[in-house]
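Close look at the chain arrangement
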Amino acid sequence: MVNCSICGRPAVYVNRISGKAYCKKHFLEYFDKKVRRTIRKYKMFGKKEHIIVAVSGGKDSLSLLHYLHHLAERVPGWKITALLIDEGIKGYREETIKDFKRVAEQLGVEYRIAGFKEYFGHTLDEIVLMGREKKLPYQPCSYCGVFRRYLLNRVARELGGTVLATAHNLDDIVQTYVMNIINNSWDKIIRLGPVSGVSSHPKFIRRVKPFYEILEKETTLYSILNNLYPKFVECPYAPFNIRWTIRRMINELEEKYPGTKYSLLRSLLSIIEYLKKIPELSKGEVKTCMICGEPSAHEICRACIYRIELGILKPPKEVIPILENLGVRIPSGTVDQTE
Amino acid sequence: MYNGVIGLPVRIRLVDGSREWVIEDASGLEAGEALRRVGLLSEEYIIVRNGEVITPNEKLRDGDEIVLYPVVSGG
Ligand SMILES: [Zn+2]
Ligand SMILES: [Zn+2]
């Protein structure tokens, strides 16, 4: 029998780096301390915040919602709203929305479900079909990622949010870090910090990752102990990619050498500081999309480019030269001729 | 001390019921070791025995019913 290092009751978790074991009660205390330390260390929240929690319906984001809701009960200046993006994926989203609503209603937290259909006129399923018909070179996850990020920022702002919290955990972060090293994508690595979007654009909502230093094993255990672990439904578009292999390799390393994940995270934090000193990587100033007015890396944002290429958005005449410059495929007959 | 039901194998299944394993002579084996025997990493699962979460160092008993909650699924 493994017993809690603090009270001697049966343990539910062992921190393999410190060797300490925790019972349910003391694990939850340990978890709470760790997340609060992360929030403080990276100055994620101020005294007065309207925190929008991005919820996918998976265990990590349900845990984040549960955690921040209870934390906010102790902070008078905080308000929490949950935001779920409904991409419109048949056979998948309906199930996760059920888990989301159950948790949000149990907690009594306000929530908003914003759909691709509502904002773009089409579900992801329809967009994927249109893209295939037009022979566009994008994977379902490319559309989904771009439109989701776009809506999270836009709807968070519309809800009056001051900060957007996402449930990325330590495992997600270090996997992405290793993937980007392999892809030589240092411009993406520089954006893997715990807080992003500070003072970059008036329409950009600051993003924070309160689980930045929390292992996925810990967020999972938190979800089980709080009865949040959802029925698992796999996204039909989930790609079997290099991330799976990297995840397995990092987990094997962690089993053999406990602490590997934290070492990788420290490595990432150091490299971000070095990269910030390189002008070509850090200068990328945020622009305003000429079509929709949202923050964007280019004159026209990626979400508008996709919509133009899919033929669901007519580009105004004056932006045509810019689109051509960016190499955008403009379907014939969709150019807006009205002055 | 409860030693389990002598002679019964240990059953391990994923929480969604998609996979199941039966391990004979598992009594005294650490849970993490049992996972490794069937090709799983204990880093990737939360182990629940008869409704209680246990650590990978916990020793199994004959007749244990183990449910595994995957750690590695989307956010
Ligand atoms: Zn304890
Ligand atoms: Zn735009």
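Up top is the structure.
Below is a summary of the structure that appears in this document. (Residues numbered from 1 in each chain as written. Chains lettered and ligands numbered in written order. Predicted model: local features only at pLDDT ≥ 70, side-chain atom pairs only at ≥ 80, totals over all residues. Heavy atoms only, no water.)

Focus on the sheet that holds strand β8 (residues 206–208) of chain A
All names here are of chain A.
- Taken together, the six strands give an open sheet; going across it, the order is β5-β4-β3-β6-β8-β7, and neighbouring strands pair in mixed fashion. A strand with exactly one partner marks an edge of an open sheet, and here the two such strands are β5 (110–115) and β7 (195–196).
- Strand direction decides the pairing type here: β7 and β8, joined by two bridges, are antiparallel. Residue pairing in the sheet places S196 in a bridge with R207 of β8.
- Docked against the sheet, helix α6 (residues 140–158) engages β3 (49–54), β4 (78–86), β5, β6 (163–165) and β8, running at close to 145 degrees with respect to β4. (Pairing = 2+ DSSP bridges. Helix = DSSP H or I, 4+ residues; strand = E, 2+ residues; numbered from the N terminus. Contact = heavy atoms within 4.5 Å. Axes fitted to C-alpha atoms, helices over the stretch in contact; angles between N-to-C directions.)

A look at the coordination of the zinc ion (ligand 2)
Residue and element names in this part refer to chain A.
- Within the protein, the zinc ion (ligand 2) binds to C289 (SG), C292 (SG), C301 (SG) and C304 (SG); these donor distances fall in the range 2.2 to 2.4 Å.
- Each of the four donor atoms around the zinc ion (ligand 2) contributes to a set of angles spanning 105 to 114 degrees, which defines the coordination as tetrahedral.
- In primary sequence terms, the donor set of the zinc ion (ligand 2) follows C-x2-C-x8-C-x2-C. Residue C289 is located in the loop between β9 (287–288) and β10 (295–296), and its partner C301 is located in the loop between β10 and α13 (302–310); the two are separated by twelve residues in the primary sequence. (Donors = N, O, S within 2.8 Å, 3.2 Å for Na, K, Ca; no water. Tetrahedral: all angles 85-135°; square planar, octahedral: opposite > 155°, others 65-115°.)

Remarks on the pairing of strand β1 (residues 10–14) of chain B
Residue and element names in this part refer to chain B.
- The two faces of β1 differ: V10, I12 and L14 on one face are buried, but R11 and R13 on the other face are not.
- Here β1 folds back onto strand β2 (residues 20–23) in antiparallel fashion, the turn holding five residues, of which G17 has a positive phi close to 75 degrees.
- Of the strand pairs in this sheet, β1 and strand β5 (residues 65–70) are connected by four bridges, and their pairing is parallel. Within β5, the position partnered with I12 by the bridge is I66. (Buried < 20%, exposed > 50% of the residue type's maximum accessible area, 1.4 Å probe, protein only.)

Some remarks on the coordination of the zinc ion (ligand 1)
Residue and element names in this part refer to chain A.
- For the zinc ion (ligand 1), the protein coordination sphere consists of C4 (SG), C7 (SG), C23 (SG) and H26 (ND1), at 2.0 to 2.3 Å.
- Between the four donor atoms coordinating the zinc ion (ligand 1), the angles at the centre fall across 100 to 116 degrees, so the site counts as tetrahedral.
- Within one chain, the residues serving as donors to the zinc ion (ligand 1) are arranged as C-x2-C-x15-C-x2-H.
- Taking the relative accessible area as the measure of exposure, C4 reaches 4% and is therefore buried.

A short note on the nonpolar core
Residues and elements named next belong to chain A.
- Ranked by internal contacts, the top residues of the largest apolar core, which has 67 residues, are F27, F45, I51, L65, L68 and L268.
- Here this core takes seven residues from helix α2 (residues 59–72), the largest share from any one element.
- With near-sequence residues (within four places) excluded, F27 lies in contact with V12, Y13, Y22, E218, L221, Y222 and L225. (Core = buried A, V, L, I, M, F, W, Y, C linked by side-chain atoms within 4.5 Å.)

Regarding the packing of aromatic side chains
All names here are of chain A.
- In total, this model carries 21 aromatic pairs over all chains according to the counting rule given.
- Ring geometry for Y143 versus Y306: centroids 5.2 Å apart, planes at 65 degrees, classification edge-to-face. Residue Y143 is found in helix α6, and its partner Y306 is found in helix α13; the two are separated by 163 residues along the sequence.
- Looking at Y143, the relative accessible area reads 1%, which means it is buried.
- With a relative accessible area of 5%, Y306 lands in the buried category.
- Through a chain of ring-to-ring contacts, three or more aromatic side chains come together here, namely Y13, Y22, F27, Y30, F31, Y67, F211 and Y222.
- Sitting over the face of the ring of W244, R247 holds its NZ or CZ atom 4.7 Å from the ring centroid. (Phe/Tyr/Trp six-rings, centres within 6.5 Å; stacked < 30°, edge-to-face > 60°. Lys NZ or Arg CZ within 6 Å of the ring centre and 35° of its normal.)

A closer look at the interface of chain A and chain B
- At the interface, 27 residues of chain A touch 22 residues of chain B.
- At the boundary of chain A with chain B, total buried surface from both sides reaches about 2,200 Å², with 57% on carbon and sulfur atoms.
- For chain A, the biggest contributors to the area lost against chain B are K217, Y229 and E255 of chain A; these three give 28% of the whole.
- On the surface where chain A and chain B come into contact, there are four salt bridges.
- The salt bridge partner of R16 of chain A is E43 of chain B, with a shortest N-O separation of 4.0 Å.
- The tally of links between chain A and chain B comes to eight residue pairs in polar contact (both at pLDDT 80 or more).
- Elements supplying a minimum of two residues to the side of chain A that touches chain B: β1 (13–14), α2, α9 (216–225) and α10 (242–256) of chain A.
- Counted by class, the side of chain A that touches chain B contains eleven nonpolar, five polar and eleven charged residues. (Buried area = accessible area lost by both parts, 1.4 Å probe. Salt bridge = Lys/Arg side-chain N within 4 Å of Asp/Glu carboxyl O. Polar contact = N/O pair within 3.5 Å; in protein donor to acceptor, adjacent residues only side chain to side chain. Nonpolar A, V, L, I, M, F, W, Y, C, P; charged D, E, K, R; others polar.)

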